[in-house]
Amino acid sequence: MIGLASVLDLSRFQFAMTTIFHFFYVPLSIGTALAVAIMETIYVRTKKPLYQRMAKFWGKIFLLSFAVGVVTGIIQEFQFGMNWSNYSRFMGDIFGAPLAIEALLAFFMESTFIGVWMFTWDRFKPAVHVIFIWLTWLGSTLSAIWILAANSFMQHPTGFEINTQTGHVRLTNFMAVVGNPQLWVEFPHVIFAAVMTGGMVVLGMSAFGLLRKNHREFFTKSAKVGAWLALVGSLLTIGAGDMQTRYIINDQPMKFAATEGIYKDTGSPASWQAVALIDTKNKETKASIDIPYLLSILSYHSTTGSVKGMNTINKELHAKYDKKFGKDMNYYVPVKTLFWSFRFMALAGVLSALLAFCALIWSRVKKDTLGDKRWFLWILGICTYLPFVGTTGGWLITELGRYPWVVYGLQTIADAVSPTVTAGQLWFTNIVYLLLFCVLGGVMVFYSRRTLHHGPEEPTASEQKPASAQQHAGEAYQA
């Protein structure tokens, strides 16, 4: 039993490590691709070469994130087959179709048009060339749909039957998998978070560029594009998150109760616990700071309404699944992790919106003072990493919230692990993957920093216009 537990724990750790690290780059590449597409579109419409230089510069960051994301994605797929062979056999018929479409259509489309976009700046007219980056972004977005379709089945199985001979899941209705209600509350949340991530990275890196006092116009314009994306993406992420949260109240009530730290059923109206001291051993919340009515408002958009606690839900799950999985199952999810992950995720979204709004106010045309507020630029620069905190918190909630199942109600995590893998093999691969991820992360940060310090391409002679006498006078006055 000790050896089995060790293998299970190490397999879970490896899945968490590979998934979290890979998901750093998925929203980053989707979000930066959108930012580059918008910049190049502005260039096509305005004919201002500055926006072309912006598209080329931020395109380098996008290409770096895409390259690292591909490598980490390959590692993630490899560990599925190595550590979760029982899961792969159980889910093969379901995963086959969406993942094949993702690889053969979406990823092929994305990778093809990335190459075309990179090497054809001088071969096509701007109005044609910009289509390539939009098709690249569309490919990455479609790729996310098919990946999330597979993940959504794990959260809410639909369109299947159990093969009585093999005991595995058999696909019976592909459209039911694509139309899974879990998918269409999960997908908007992920995509809008990607928009927020791309916007905050462009905004934060532009702030570092402004701190160096070089290329002020370039980085101010870039910061504006990033701020708009971050603001819109943050607000839409919050809205989509509210929609997803209201969905899981009924679909995965244990996950929802854990994010709110609720062990006992609440009354009506229900108060929201902003912070809480949770005792997982005794299954209770010892102390908390409560905001009256807010949980009912967040849950039901009403000032009334109660929420089931984990103790009640645990009894219901035992009554439903004891015949299939036995009475010894533990249906309590990692409460503290979900509780604080939810708060860090929400805080990241709110802070991103607030910072982006301030950046837009201080960079408006009539009173552009963004480059002079060094204290605020430092905050923006540090908060380049803020959306990664939020997206990581979101995935922890998504994946840990369905414990003890890998496929909700059908297969437990313990039943999904490979029967032949050993603890020694897992220790070795965990160390190798961790070192590899550190190297890949270091490469990403190093080359992004190097690209930022090198700065954008210098404008050509035809782009440089002589300054007016008024501009010279203004510069002399400032000196």
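What you see is a predicted model, and the numbers here were worked out from it, not measured in a lab. Each residue is numbered by its place in its chain's sequence as written, counting from 1. Reporting in this predicted model follows two pLDDT cut-offs: at least 70 for local features of residues, and 80 or more for side-chain atom pairs to be given and counted; totals over whole chains, interfaces and linings ignore these cut-offs and use all residues. Side-chain calculation: all heavy atoms of the structure are included, whereas hydrogens and water are not.

With reference to specific residues and values, describe empty space enclosed by the protein.
Here a cavity means grid points, on a 1 Å grid over the protein atoms only, where a 1.4 Å probe fits yet cannot get out; a pocket means an open set of points with protein on both sides within 12 Å along at least five of seven lines; lining residues are those with an atom within 4 Å of a point. Grid points are joined across faces, edges and corners, and a volume is the space filled by probe spheres set on the points. Counted according to the given criterion, the structure contains one cavity of 30 Å³ or more. Approximately 30 Å³ is the volume attributed to the largest cavity. Of the residues belonging to the lining of the largest cavity, the class tally is seven nonpolar, two polar and one charged. Each residue gets one label: Ala, Val, Leu, Ile, Met, Phe, Trp, Tyr, Cys and Pro are nonpolar, Asp, Glu, Lys and Arg are charged, and the others, such as Gly, are polar.

If you had to explain the side chain of Gln14 to someone new, which residues and values would you point to?
Elements are defined by DSSP. Helices are runs of H or I of four residues or more, strands are runs of E of two residues or more, and each kind is numbered from the N terminus. Assignment of secondary structure puts Gln14 in helix α1 (residues 2-46). The definition of a polar contact used here is a pair of N or O atoms within 3.5 Å, where within protein one atom must be able to donate a hydrogen and the other to accept one, and adjacent residues in sequence count solely through side-chain atom pairs. A distance of 2.9 Å separates a polar atom in the side chain of Gln14 from a polar atom in the side chain of Thr429. Side-chain polar atoms of Gln14 contact the side chain of Asn430, separated by 3.1 Å. We call two residues in contact whenever any of their non-hydrogen atoms come within 4.5 Å of each other. Apart from the residues lying within four places of it in its own chain, the contact partners of Gln14 are Gln79, Met82, Asn83, Leu426, Thr429, Asn430 and Tyr433.

Summarise the nonpolar core; cite the residues concerned and give the values.
Among the nonpolar cores identified, the biggest contains 79 residues, and Met54, Trp58 and Leu380 are the most heavily contacted of them. Counting residues per element, this core draws most heavily on helix α6 (residues 183-211), at 15 residues. With sequence-adjacent residues up to four places away left out, Leu380 is seen in contact with Leu203, Gly204, Ala207, Leu355, Ala359 and Leu370. In these notes, a set of buried Ala, Val, Leu, Ile, Met, Phe, Trp, Tyr and Cys residues joined through side-chain atoms within 4.5 Å is what counts as a nonpolar core. Working definition: with a 1.4 Å probe on protein chains only, accessible area under 20% of the residue-type maximum means buried, over 50% means exposed, and in between means partly exposed. Of all hydrophobic cores here, the second largest spans 23 residues; its members include Val7, Phe15, Phe90 and Val169.

Outline the pairing of strand β4 (residues 284-291), supporting the account with residue identities and numerical values.
Where strand β3 (residues 272-279) lies against β4, seven bridges are found, and the strand directions are antiparallel. Bridge pairing links Gln273 to Asp290 in β4. Paired strands are those between which DSSP finds at least two bridges. Two successive antiparallel strands, β3 and β4, enclose a turn made up of four residues, where Lys283 displays a positive phi of approximately 55°.

Let's hear about the packing of α6 against helix α11 (residues 335-361): which residues, and what values?
Here the axes come from fitting lines to C-alpha atoms, over the contacting stretch only for helices, and the angles between their N-to-C directions go from 0 to 180 degrees. At a closest axis distance of 11 Å, the pairing of α6 and α11 adopts a crossing angle of 45°. As far as their axial angle goes, α11 and α6 are oblique. As α6 runs across α11, the sense of the crossing is left-handed. On α11, the residues that touch His189, Met196, Met200 and Leu203 of α6 are Met345, Gly349, Ser352, Leu355, Ala356 and Ala359. Each residue belonging to the contact of α6 with α11 can be placed in one class, and the counts come to seven nonpolar, three polar and no charged. Orientation categories follow fixed angle ranges, with anything under 35 degrees roughly parallel, anything over 145 roughly antiparallel, 65 to 115 roughly perpendicular, and all other angles oblique. Two helices that cross are described as forming a left-handed crossing if the nearer one is turned anticlockwise from the farther one by less than a right angle, and a right-handed crossing if clockwise.

Lay out the environment of Glu77 with the relevant residues and their values.
Looking at the secondary structure, you find Glu77 in helix α2 (residues 49-83). Expressed as a C-alpha distance, the spacing of Glu77 and Trp375, which sit 298 residues apart in the sequence, is 43 Å.

Describe the pattern of salt bridges, listing the residues and the values that go with them.
Salt bridges, as used here, are contacts in which a Lys or Arg side-chain nitrogen is within 4 Å of a carboxyl oxygen on Asp or Glu. Under the criterion given, the structure shown has six salt bridges. When the shortest N-O distance is used, the salt bridge between Arg170 and Glu161 registers 2.8 Å. For Arg170, a relative accessible area of 35% corresponds to the partly exposed category. For Glu161, a relative accessible area of 34% gives the class partly exposed.

Can you tell me about unusual backbone geometry, naming the residues and giving the values?
In this model, Ser268 is joined to Pro269 through a cis peptide bond whose omega is 5°. Position of Pro269 relative to the elements: it lies in the loop between α8 (253-259) and β3. In the segment running from Tyr403 into Pro404, the intervening peptide bond is cis, with an omega of 10°. Tracing the sequence through the fold places Pro404 in the loop between α13 (386-400) and β5 (405-407). Despite not being glycine, Tyr293 shows a phi value in the positive range, around 70°. Judged by relative accessible area, Tyr293 falls into the partly exposed class, the value being 44%. Residues other than glycine seldom take positive phi values, yet His301 does so here, at roughly 55°. Relative to the helices and strands, His301 is located in the loop between α9 (294-300) and α10 (310-325). Since its relative accessible area comes to 48%, His301 is described here as partly exposed.

Give a description of α6 that names residues and reports values.
Expected helix span is given by 1.5 Å per residue-to-residue step, counting one fewer step than there are residues. With 29 residues, α6 extends 42 Å from end C-alpha to end C-alpha; this agrees with the ideal 42 Å at 1.5 Å per step. Following α6 by one or two positions, Lys213 adopts a phi angle in the positive range, close to 60°.

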